[in-house]
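Here are the chains, one letter per residue:
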Amino acid sequence: MRIRATVAAVSGALALSALALPTAAQADGAQGSTGSIADVARAAQSAPATDSAAKFGARSVSPASEPGELDLTFSKVVVNGGKPIVVGTTLTKTVTTTFTVTHAADVDIFAPDFAVDVSLYRGSFDTPTNELYGDEPPVCKAVSATVATCKGQISVWPQIDLLGNSDATKWAAGGFAVDYNGEDPADPDLTKIGFALQGNVGSSSLQRASKVTVNAAPEPVKKGKTITVTGKLSRANWEDYQYHGYTAQPVKLQFLKKGGTAWSTVKTATTSSLGTLKATVTASVDGYWRYSFAGTASTPATNSTGDFVDVQ
């Protein structure tokens, strides 16, 4: 789980106008040893209940000025527009999140010491195997006295956030909020803060970035002679942060006639134990050759560039 954590907060006077766009945040790393707002909220949830908190079922619900569980829920959580998050080996991948926060009228989510955001987690929500956050706070907009829409982000630093190739799977989304009630965010008294936690409010998938190469030879070639098209399909490995061949995968060999606009599939090749590809075709007309991989659940689709062959 990431140790570089960002505390996300929104602030400003609660406005009923849809034009209100509060944008403020706590400093990066202000959570200290707690790691993230999610960690603070989980710790507060486990802290002894206070006498001031009214009970709602088996859990307490409190206004923002009192400690205990806040009357606040998350909905309409969408990560990366509903598309998988494709991550390579070195570059940070940042995608957008959108979500709606519904809260009691006396819960001020725009207070300067109120923090709210969503994360992606793998495993159980209470004790996740891994969790991903954003590097910047969300921007929330009040659409009524009790509803706000927010836009945030999730950032994935491959060599810091990912535990291995097993992270290329489906992740659940969770929402969390903390009202520090004047407590020091670096060392809050957990019995004096307000909090909200909600798991399984959405989902997303992480995929290992892929790439495929192509080389058609000889160039040029006489009409009727054989063209050999080689290549390699590889994908990001989150164990050693290198690209390795993707074995036993069907990959289409496609052709685009010179001056044409549509690629046509000529045959399908299967990658070797090293991820390499090889296919032969008969030269007929000038054009481009490429390999096209359709993708799998853990690996996205990818196409090579086109390699032009002059047929004489």
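In what follows, the accompanying structure is described. Bear in mind that the values here come from a model prediction, so they are computed numbers and not experimental data.

A few words on the pairing of strand 10 (residues 147-156). A large share of strand 10 lies buried, amounting to 7 of its 10 residues. Here strand 6 (residues 93-103) runs beside strand 10; their pairing, made up of 10 bridges, is antiparallel. Bridging across to strand 10, T98 finds its partner in K151. As judged from the 4 bridges shared by strand 9 (residues 139-142) and strand 10, these two strands associate in the antiparallel manner. Pairing of K141 across the sheet is with T149, part of strand 10. A loop of 4 residues connects strand 9 with strand 10, the two strands running antiparallel in sequence.

This part covers the environment of T226. As for its placement among the helices and strands, T226 is situated in strand 15 (residues 226-237). Put simply, T226 and T280 are 54 residues apart on the chain and 6.5 Å apart in space, counted from C-alpha to C-alpha. When neighbours within four sequence positions are excluded, T226 is seen to be in contact with A217, P218, V221, T280 and V281.

This brings us to the pairing of strand 7 (residues 114-123). Here is the key point about a regular strand: its side chains alternate between the two faces of the sheet. Burial runs high along strand 7: 9 of the 10 residues are buried. For strand 7 and strand 8 (residues 128-132), the ladder comprises 4 bridges, and the chain directions are antiparallel. The residue bridging R122 from the neighbouring strand is N130, located in strand 8.

Attention now moves to the nonpolar core. L72, F74, I85, F114, L120 and L206 are the most contacted members of the largest nonpolar core, which totals 36 residues. Residue assignment for this core shows that the elements contributing at least two residues are strand 4 (72-79), strand 5 (85-87), strand 6, strand 7, strand 9, strand 10, strand 11 (170-179) and strand 12 (194-208).

Let us look at the sheet that holds strand 6. Strand order in the open sheet formed by 4 strands is 4-6-10-9, and the pairing between neighbours is antiparallel. Of all the strands in the sheet, the pair left with one neighbour each is strand 4 and strand 9. Each adjacent strand pair in this sheet contributes to an overall mean axis angle of 20°, direction not counted.

Further remarks concern the state of the cysteines. Per the stated rule, a full pass over the model turns up 1 disulfide. Disulfide pairing places C140 opposite C150 at an S-S distance of 2.0 Å. Residues C140 and C150 are joined through a disulfide that is right-handed, its torsion about the S-S bond being 110°. Taken as a pair, C140 in strand 9 and C150 in strand 10 lie far apart in primary sequence, 10 residues in all. Accessibility classification places C140 together with C150 in one group, the buried group.

This part takes up the pattern of salt bridges. Pairing between side chains becomes possible if they bear opposite charge and their charged atoms approach one another. Scanning the model with the defined rule gives 4 salt bridges in all. With a shortest N-O distance of 3.0 Å, E131 and R42 are connected by a salt bridge. Of this pair, E131 sits in strand 8 while R42 is found in helix 1 (residues 37-46), placing the two residues 89 residues apart along the sequence. Of the two residues, E131 and R42, neither departs from the other in class, the shared state being buried.

As a further point, take unusual backbone geometry. Put simply, A217 and P218 share a cis peptide bond, and its omega is 0°. Inspection of the secondary structure assignment puts P218 in the loop between strand 14 (215-217) and strand 15. For N80, which is not a glycine, the phi torsion comes out positive at approximately 55°. Take N80: it is sitting in the loop between strand 4 and strand 5. N80 sits in the buried class, given a relative accessible area of 15%. Positive phi, close to 50°, is recorded for N181, a residue that is not glycine. Judged by its relative accessible area of 25%, N181 is partly exposed.

The rules we used
Residues numbered from 1 in each chain as written. Predicted model: local features only at pLDDT ≥ 70, side-chain atom pairs only at ≥ 80, totals over all residues. Heavy atoms only, no water. Buried < 20%, exposed > 50% of the residue type's maximum accessible area, 1.4 Å probe, protein only. Helix = DSSP H or I, 4+ residues; strand = E, 2+ residues; numbered from the N terminus. Pairing = 2+ DSSP bridges. Contact = heavy atoms within 4.5 Å. Core = buried A, V, L, I, M, F, W, Y, C linked by side-chain atoms within 4.5 Å. Axes fitted to C-alpha atoms, helices over the stretch in contact; angles between N-to-C directions. Disulfide = S-S within 2.5 Å. Salt bridge = Lys/Arg side-chain N within 4 Å of Asp/Glu carboxyl O.

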